[in-house]
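Understanding the architecture of this molecule
Each chain, letter by letter, is given below.
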Amino acid sequence: MLDRLQELHDEAAAQIESAVTLSDLRDVRVKYLGKKGPMTELMKGMGKLSSEERPKVGQKANEVRESLTGKLDAKEAKLESEALEAKLQEEKVDVTLPGRPVPKGGRHPLTSVVETIEDVFIGMGFTIAEGPEVETDYYNFESLNLPKHHPARDMQDTFFISSDLLLRTQTSPVQTRTMEKHQGVGPVKIICPGKVYRRDEDDATHSHQFMQIEGLVVDRGIRMSDLKGIFATFVKEYFGEDREIRLRPSFFPFTEPSAELDISCALCGGKGCRTCKGTGWIEVLGAGMVHPNVLRMGGFDPDVYSGFAFGMGVERFAMLKYGIDDIRHFYTNDTRFLSQFKHV
Ligand code: DAH
């Protein structure tokens with residue numbers, strides 16, 4: 001039995017020596033010193049021993065147990081400190097490394113363009129008005145001289161919510177809303193930036209949702225020349241001193257006469273190129289003298305008051321100013337595109 005104990009000791013000692021992980025070590029401890037281990041098994045035979053042999057075997061068993069426990073504890077401490085050391089190495093922080101920059105957001109280019117345009121008009125005495133994006137048929141169409149079934153309604157394919165409610169197709173309804181607030185007393189001098197919606201297929205120049213800026217001036221004695229003067233100032237402020245403007249006859253149901261405003265092409269300086277389709281001019285907005293019916297529906301007397309109105313596409317202004325070739329860039333939120341406008 002003494003030999004067998006020594007054998008078990010040596011066997012266990014070898015396994016402790018070769019254990020690589022703490023879990024290996026735990027297995028060895030359970031295997032040799034556990035209740036179901038070979039030591040316990042061996043001790044069960046003690047009863048059969050002579051009274052001379054018994055204490056010797058008992059003593060030897062205690063020695064083996066003590067020796068193995070000592071070896072196990074020592075190896076455990078060694079493996080634990082190695083594991084700690086490895087973890088510390090792995091988690092080492094080099095405090096001398098430069099910090100990682102946190103990317104900062106910027107303003108959306110459309111926001112910057114709207115604010116720039118607002119500043120120019122505020123400088124000319126305009127104030128900012130707002131109106132709802134969910135609009136009634138009355139404000140979006142009827143009050144703008146577009147009665148039900150008027151063919152010109154087809155110019156703007158509409159998202160209807162019900163027979164009377166819709167997503168506004170233009171910022172023009174804010175004209176009527178603003179005039180109503182003034183209760184027939186001028187002057188009115190506002191611009192209104194905002195989102196509008198149309199049932200268009202999205203492509204490089206169309207988006208089902210885009211932005212417009214509406215303008216309205218109503219007072220005694222307002223003439224077409226006032227409109228032209230305001231635009232000449234605005235275009236030079238926004239696009240640069242060298243830009244010329246021209247008004248071209250057009251049609252809008254809410255203005256009479258109506259006009260489209262062109263600016264001279266910046267790329268070719270008016271000579272004609274691909275951007276201006278060879279004409280030397282680029283169309284930028286619709287405008288005109290407010291139709292008497294529209295003044296009347298807004299509560300103003302057309303015999304006393306006159307006015308002009310205009311509406312422009314914000315994306316178009318941004319595209320022309322920064323040479324952007326696709327309106328979808330504004331709405332796909334690719335940070336590679338957006339980050340170029342951080343500082344404008
Ligand atoms: N609402 C027109 C559109 O969306 C633009 C417009 C044209 C607005 C002439 C006006 C205007 O106020 O006078 O196409």
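Basis of the calculations
Residues numbered from 1 in each chain as written. Predicted model: local features only at pLDDT ≥ 70, side-chain atom pairs only at ≥ 80, totals over all residues. Heavy atoms only, no water. Near = heavy atom within 4 Å. Polar contact = N/O pair within 3.5 Å; in protein donor to acceptor, adjacent residues only side chain to side chain. Areas by Shrake-Rupley, 256 points an atom, 1.4 Å probe, with all protein chains shown as cover. Helix = DSSP H or I, 4+ residues; strand = E, 2+ residues; numbered from the N terminus. Core = buried A, V, L, I, M, F, W, Y, C linked by side-chain atoms within 4.5 Å. Buried < 20%, exposed > 50% of the residue type's maximum accessible area, 1.4 Å probe, protein only. Contact = heavy atoms within 4.5 Å. Phe/Tyr/Trp six-rings, centres within 6.5 Å; stacked < 30°, edge-to-face > 60°. Lys NZ or Arg CZ within 6 Å of the ring centre and 35° of its normal. Pairing = 2+ DSSP bridges. Axes fitted to C-alpha atoms, helices over the stretch in contact; angles between N-to-C directions. Patch = residues over 30% accessible without salt bridge, like charges linked within 9 Å, V, L, I, M, F, W, Y side chains within 5 Å. Salt bridge = Lys/Arg side-chain N within 4 Å of Asp/Glu carboxyl O. Disulfide = S-S within 2.5 Å.

1. Details of the site of the ligand
Residues in close proximity to the ligand total 16 residues, the closest being Gln170, Gln175, Arg198, Gln212 and Glu214. One nitrogen or oxygen atom from the side chain of Gln170 is found 2.7 Å from a nitrogen atom belonging to the ligand. Between Phe310 and the ligand, the recorded distance is 3.4 Å, taken from a backbone N or O atom to an oxygen atom. In isolation the ligand exposes 360 Å². Once the protein is present, 91% of that is buried. Counting only elements with at least two residues in the shell around the ligand, the list comes to β5 (209-219), β8 (281-290) and β9 (306-313).

2. Focus: the nonpolar core
Judged by nonpolar contacts, the single largest core of 44 residues is most densely connected at Phe121, Phe234 and Phe317. Contributions of two or more residues to this core are made by α5 (109-123), β5, α8 (224-239), β7 (255-264), β8, β9, α10 (314-322) and α11 (335-338). Of the residues forming this core, the biggest block, seven residues, is contributed by α8. Residues within four places of Phe234 in sequence aside, it is in contact with Ile117, Val120, Phe121, Met124, Met312 and Phe317. Judged by nonpolar contacts, the second largest core, of 21 residues, contains Ala129, Met179, Val218 and Phe254.

3. Remarks on the packing of aromatic side chains
Scanning the entire structure with this criterion turns up 16 aromatic pairs. One aromatic cluster is present, built from ring pairs that chain together Phe121, Phe126, Phe231, Phe234, Tyr238, Phe239, Phe308, Phe310 and Phe317. Between the NZ or CZ atom of Arg177 and the centre of the ring of Tyr139, over which it lies, the distance is 4.0 Å. Over the aromatic face of Tyr305 sits the side chain of Arg220, whose NZ or CZ is 5.2 Å from the ring centroid.

4. Description of the sheet that holds β5
The seven strands are arranged β1-β4-β5-β9-β8-β7-β6 in an open sheet whose pairing can be described as mixed. Of all strands in the sheet, those bounded by a partner on one side alone are β1 (127-128) and β6 (245-252). Lying over the sheet, α8 contacts β6, β7, β8 and β9, oriented at roughly 125° with respect to β6. Its contacts with the sheet place α10 against β5, β8 and β9, and it is angled at close to 145° to β8.

5. Describing the pairing of strand β4 (residues 188-197)
Counting buried positions over the 10 residues of β4 gives eight, a clear majority of the element. In this structure, β1 lies alongside β4, joined through two bridges in parallel fashion. The partner of Ile128 across the bridge, within β4, is Ile191. Note: β4 against β5, 10 bridges, orientation antiparallel. Looking at β5, one finds that Ile190 is bridged to Leu216.

6. Some thoughts on a nonpolar patch on the surface
Residues Val134, Ile161 and Leu165 make up a contiguous nonpolar surface patch of roughly 230 Å² in combined accessible area. By the element assignment, Leu165 lies in strand β3 (residues 165-167).

7. What about the state of the cysteines?
Throughout the structure, instances matching the rule amount to zero disulfides. A disulfide-free cysteine, Cys268 has its sulfur positioned 3.7 Å from the sulfur of Cys276, the nearest such atom. Taking the relative accessible area as the measure of exposure, Cys268 reaches 11% and is therefore buried.

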